[in-house]
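Tertiary structure, described
Here is what each chain is made of, one letter per residue.
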Amino acid sequence: MSNIVVFGAGGTAGSRIAAEAVGRGHRVTAAVRRPEATSYLPPAVTVVTGDATSERSVRELAPDTDAMVVAIGGGEHDLWLDAARNLVGALGGMPAAPRIIHVGGGSTLLTAKGTRYLDEPDFPEEYRDAALGQADALDFYRSSADGVTWTYVSPPPLEFHPGERTGHYRTGGDQPVTDHEGRSVLSYEDLAVAIVDEIEQPRHENARFTAAY
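- An unreviewed UniProt entry annotates the chain as NAD(P)H-binding protein originating from Micromonospora peucetia.

Next comes the structure, spelled out in structure tokens:
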């Protein structure tokens, strides 16, 4: 059993990750900015006020924690990079520091041409700022995350929606996992399965992975 903190547990991804983890018997703390808005989480989840961009918040929650999941959302470019910098700064060099599991964007994955999906001409402009922030966070982990153990998780770039928990998925690296029709599809529920599997049996330490059917 692990002690897991989920930042952003009130959101679409974070709530499913928290539920999946507590359903497997892990101790889960939901760190959210508005605890009163998380009544739908399982009763076994401990809800506290927390912020992934606050050094004090991260340090207070770090002791005896095995993994900190960053599943925050929002449209601001700097949010994801600020969270990554803060977690690395707060946890770097800390004895027995928790592992960072950062849920990032699928638009940072690479197309068959080797370019990022977010750089494609038809990428929706309204999502570009957030996508660039997620890309900056990934670049930061890869270049500057000394002293911590991290994993960056990208869902499929297009077909990623709430749905069924099947418990089945395949993983890849910097390019989407596709089926025989070239589609990359995954539910939020099975992304949560993949993330908790990674916490239980680490396979992508200090690396990015993606998952799909």
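Structure's up, so let's keep going.
**Concerning the packing of helix 3 (residues 77–91) against helix 4 (residues 125–144)**
- Helix 4 packs onto helix 3 with a crossing angle of 20° between their chain directions and a minimal axis gap of 6 Å. If you check the angle between helix 3 and helix 4, you find them roughly parallel. Once helix 3 is placed against helix 4, the crossing between them reads as right-handed. Touching His-77, Trp-80, Leu-81, Ala-84, Arg-85, Leu-87 and Val-88 of helix 3 are Asp-129, Ala-130, Leu-132, Gly-133, Gln-134, Asp-136, Ala-137, Phe-140, Tyr-141 and Ser-144, all from helix 4.
- Of the residues belonging to the contact of helix 3 with helix 4, the class tally is 10 nonpolar, four polar and three charged.

**Looking at a negative patch on the surface**
- Where like charges cluster on the molecular surface, the negative patch consists of Glu-76, Asp-78, Asp-82 and Asp-129.
- Considering the arrangement of structural elements, one finds Asp-129 in helix 4.
- Asp-129 gets classed as partly exposed once you look at its relative accessible area, which sits at 39%.

**Remarks on helix 4**
- Between its first and last C-alpha atoms helix 4 spans 29 Å; for 20 residues at 1.5 Å apiece the expected length is 28 Å, and the two agree.
- Those residues of helix 4 that fall on the buried side of the exposure criterion are Arg-128, Ala-130, Ala-131, Gly-133, Gln-134, Ala-135, Ala-137, Leu-138, Phe-140 and Tyr-141.
- Structurally, helix 4 contributes buried residues whose contacts are with helix 3, strand 5 (99–103), strand 6 (150–154) and strand 10 (207–212).

**A look at the packing of aromatic side chains**
- Across all of its chains, the model carries four aromatic pairs by this definition.
- An aromatic cluster of at least three residues, connected via ring pairs, comprises Phe-140, Tyr-141, Trp-150 and Tyr-152.

**Here we look at the sheet that holds strand 8 (residues 170–172)**
- The eight strands lie next to each other as 3-2-1-4-5-6-10-8, forming an open sheet whose pairing is mixed. With one partner strand each, in any of the chains shown, strand 3 (46–49) and strand 8 form the two edges of the open sheet. Across the sheet, the mean angle from the axis of one strand to that of its neighbour is 25°, orientation sign disregarded.
- Across four bridges, the pairing between strand 6 and strand 10 is parallel. Residue pairing for strand 10: Thr-151 is matched across the bridge by Ala-207.
- Along the sheet, helix 3 makes contact with strand 1 (3–7), strand 4 (67–70) and strand 5, crossing strand 5 at roughly 175°.

**A look at the environment of Thr-65**
- Checked against the element boundaries, Thr-65 lands in the loop between helix 2 (55–61) and strand 4.
- Considering only alpha carbons, one finds Thr-65 and Asp-78, 13 residues apart in sequence, at a separation of 26 Å.

Calculation notes
- Residues numbered from 1 in each chain as written.
- Predicted model: local features only at pLDDT ≥ 70, side-chain atom pairs only at ≥ 80, totals over all residues.
- Heavy atoms only, no water.
- Axes fitted to C-alpha atoms, helices over the stretch in contact; angles between N-to-C directions.
- Helix = DSSP H or I, 4+ residues; strand = E, 2+ residues; numbered from the N terminus.
- Parallel < 35°, antiparallel > 145°, perpendicular 65-115°, else oblique.
- Left-handed = near helix turned anticlockwise from the far one by under 90°.
- Contact = heavy atoms within 4.5 Å.
- Nonpolar A, V, L, I, M, F, W, Y, C, P; charged D, E, K, R; others polar.
- Patch = residues over 30% accessible without salt bridge, like charges linked within 9 Å, V, L, I, M, F, W, Y side chains within 5 Å.
- Areas by Shrake-Rupley, 256 points an atom, 1.4 Å probe, with all protein chains shown as cover.
- Salt bridge = Lys/Arg side-chain N within 4 Å of Asp/Glu carboxyl O.
- Lys, Arg positive; Asp, Glu negative; His and termini not counted.
- Charge placed at Lys NZ, Arg CZ, Asp CG, Glu CD.
- Buried < 20%, exposed > 50% of the residue type's maximum accessible area, 1.4 Å probe, protein only.
- Expected span 1.5 Å × (residues − 1).
- Phe/Tyr/Trp six-rings, centres within 6.5 Å; stacked < 30°, edge-to-face > 60°.
- Pairing = 2+ DSSP bridges.

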